[in-house]
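Structural features, examined
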Amino acid sequence: MTVIEEQTSGGLDLASLAQLNEAIIQHLDAGVVVLDDSLRIRMMNDAAWSLLGRPDHKSNLLDVSADLADELSRWRANRNYTPTAVKISDGKEVIPRFTPLGASGTRGVLLLLEDTALLKQQAQHIKLHALGRLTASIAHEIRNPLGAISHASQLLQESDQLDQADRRLSTIIHEQAKRMNAIIENVMQLGRRDKAVPERLCLREWLDEFVEEFARNHKIAPSKIQINIQSDDIVVSMDPSHLHQVLYNLCQNALTHGDPISDKVSVQLRGGHLAGTQEAYLDVIDSGPGIDEEMINQIFEPFFTTDSKGTGLGLYIAQELCEVNQAKIDYIARAEGGSCFRIRFRTMNYSGFR
């Protein structure tokens, strides 16, 4: 503040200073709203305009969000009150912060809106960074002895002195060592992806390229994976490498647990906009028996698997990568059979000052 005052006295006029303040406010990630005593919105930045569902200028807070107005009323009654998270437009959730304006606190209220999705994303970055450091230690402390165990089991299998029972035990040691190494690789891969670099992706074009690559790598006909998108111009925002890994894990699961009949579509990729919203989604549907109801609450937990050869990290990694991109992944039960995993992409903000 001292620097700004010195510059002002040196020739930076008040109008320029006001423009500078406005530019700073407009580029904040948090929503900023100025309310008068009658709860009419006098000013808001673009982040607030988007979070509140793009209301008209000078709308009343009661009309925009009755829950936010209730939180403000509780705060006015008790300035020590800590506001709770409030759900607003399109299912978004914000944490409000109130500050009185004017020397006497009677000139209105400054309302700050913190998007809980951004807060979760920041927490996710911290968690993944810590996980990356942990997995580096795991690689150093576990992979070397694990490699020695695997190599020793291979040498044992080459011995002519082993009977059939001992050879079977040696095979089990080798297979389990490979599984442990796969778990370490998966966790290390997750730890290295500590930041998301989202891009605007044309969903249809991106899926065409993905399916071609996935089918080639798994030596299956591309027709085994069916793409059905509501519109070819649907655009989503996500780190492409993260989306690739999420979809790869889901399609791999679909092939593993789906119907093996060769003349049947193994995976359906169905996308569009959820009814009445601008929220884009992508469903990954298989042709298998579905997931037992008692297991649904466990499927995203790390190391949970029904496959004796699986690591139990595929869905957990998919969920973590979706969260770091402000996306969500859910399991949707289907009456007609099969499993459906739905990715809901974050809604892209509009630009402009309000």
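Here the structure is shown first, and the text comes after it.
The present account deals with the structure reproduced in this document.

Rules used in this analysis
Residues numbered from 1 in each chain as written. Predicted model: local features only at pLDDT ≥ 70, side-chain atom pairs only at ≥ 80, totals over all residues. Heavy atoms only, no water. Helix = DSSP H or I, 4+ residues; strand = E, 2+ residues; numbered from the N terminus. Buried < 20%, exposed > 50% of the residue type's maximum accessible area, 1.4 Å probe, protein only. Areas by Shrake-Rupley, 256 points an atom, 1.4 Å probe, with all protein chains shown as cover. Axes fitted to C-alpha atoms, helices over the stretch in contact; angles between N-to-C directions. Parallel < 35°, antiparallel > 145°, perpendicular 65-115°, else oblique. Left-handed = near helix turned anticlockwise from the far one by under 90°. Contact = heavy atoms within 4.5 Å. Nonpolar A, V, L, I, M, F, W, Y, C, P; charged D, E, K, R; others polar. Core = buried A, V, L, I, M, F, W, Y, C linked by side-chain atoms within 4.5 Å. Pairing = 2+ DSSP bridges. Expected span 1.5 Å × (residues − 1). Arc of directions from axis to C-beta.

Counting its regular elements, the protein chain contains ten helices and twelve strands. Buried residues in the protein chain amount to 38% of all 354 residues. For the protein chain, the exposed surface amounts to about 20,200 Å²; the carbon and sulfur share of it is 51%.

The next thing to look at is the packing of helix 9 (residues 240-257) against helix 10 (residues 314-324). Two elements in contact, helix 9 and helix 10, have axes separated by 9 Å at closest approach and are oriented at 150 degrees. Compared by their axis directions, helix 9 and helix 10 come out roughly antiparallel. The chirality of how helix 9 crosses helix 10 is left-handed. Across from His242, Gln245, Val246, Asn249, Leu250 and Asn253 in helix 9, the residues of helix 10 making contact are Gly314, Leu315, Ile317, Ala318, Leu321, Cys322 and Val324. Along the lines of polarity and charge, the residues of the contact of helix 9 with helix 10 split into eight nonpolar, five polar and no charged.

So, on to the nonpolar core. Leu207, Val246, Leu247, Leu250, Cys251, Leu269 and Phe345 are the most contacted members of the largest nonpolar core, which has 39 residues in total. Leu207 has contacts with Ile227, Ile229, Leu247, Leu269 and Leu282, leaving out every residue within four places of it along the chain. Val33, Leu72, Ile88 and Val109 belong to the second largest nonpolar core, which has 21 residues in total.

Attention now goes to the pairing of strand 7 (residues 225-229). With burial as the criterion, only one face of strand 7 is covered, namely that bearing Ile225, Ile227 and Ile229; the residues Gln226 and Asn228 on the opposite face remain uncovered. Where strand 7 lies against strand 9 (residues 267-273), five bridges are found, and the strand directions are parallel. The residue bridging Ile229 from the neighbouring strand is Gly271, located in strand 9.

In this model helix 5 (residues 66-77) runs 17 Å from its N-terminal to its C-terminal C-alpha over twelve residues, within 8% of the 16 Å that 1.5 Å per residue would give. Residues of helix 5 that are buried: Leu68, Ala69, Glu71, Leu72 and Trp75. Seen end-on, helix 5 carries its buried residues on one side only, within an arc spanning 160 degrees. Buried residues belonging to helix 5 abut strand 1 (31-35), helix 4 (61-64), strand 3 (86-87), strand 4 (93-100) and strand 5 (109-115).

With respect to the helices, strands and loops of the structure, Arg270 is situated in strand 9. Measuring from C-alpha to C-alpha, the distance between Arg270 and Ile229 comes to 5.6 Å, with 41 residues separating the pair along the chain. Residues within four places of Arg270 in sequence aside, it is in contact with Asn228, Ile229, Tyr281, Leu282, Asp283 and Ile285.

Spatially, five strands are ordered 2-1-5-4-3 in an open sheet, and the strand pairing comes out antiparallel. Of all strands in the sheet, those with a lone pairing partner are strand 2 (41-44) and strand 3, marking the two edges. Strand direction decides the pairing type here: strand 1 and strand 2, joined by three bridges, are antiparallel. Bridge pairing links Val33 to Met44 in strand 2.

Another aspect to go through is helix 9. An ideal rise of 1.5 Å per residue puts 26 Å on 18 residues; helix 9 measures up with 26 Å between its terminal C-alpha atoms. Among all positions of helix 9, only His242, Leu243, Gln245, Val246, Leu247, Asn249, Leu250, Cys251 and Ala254 are buried.

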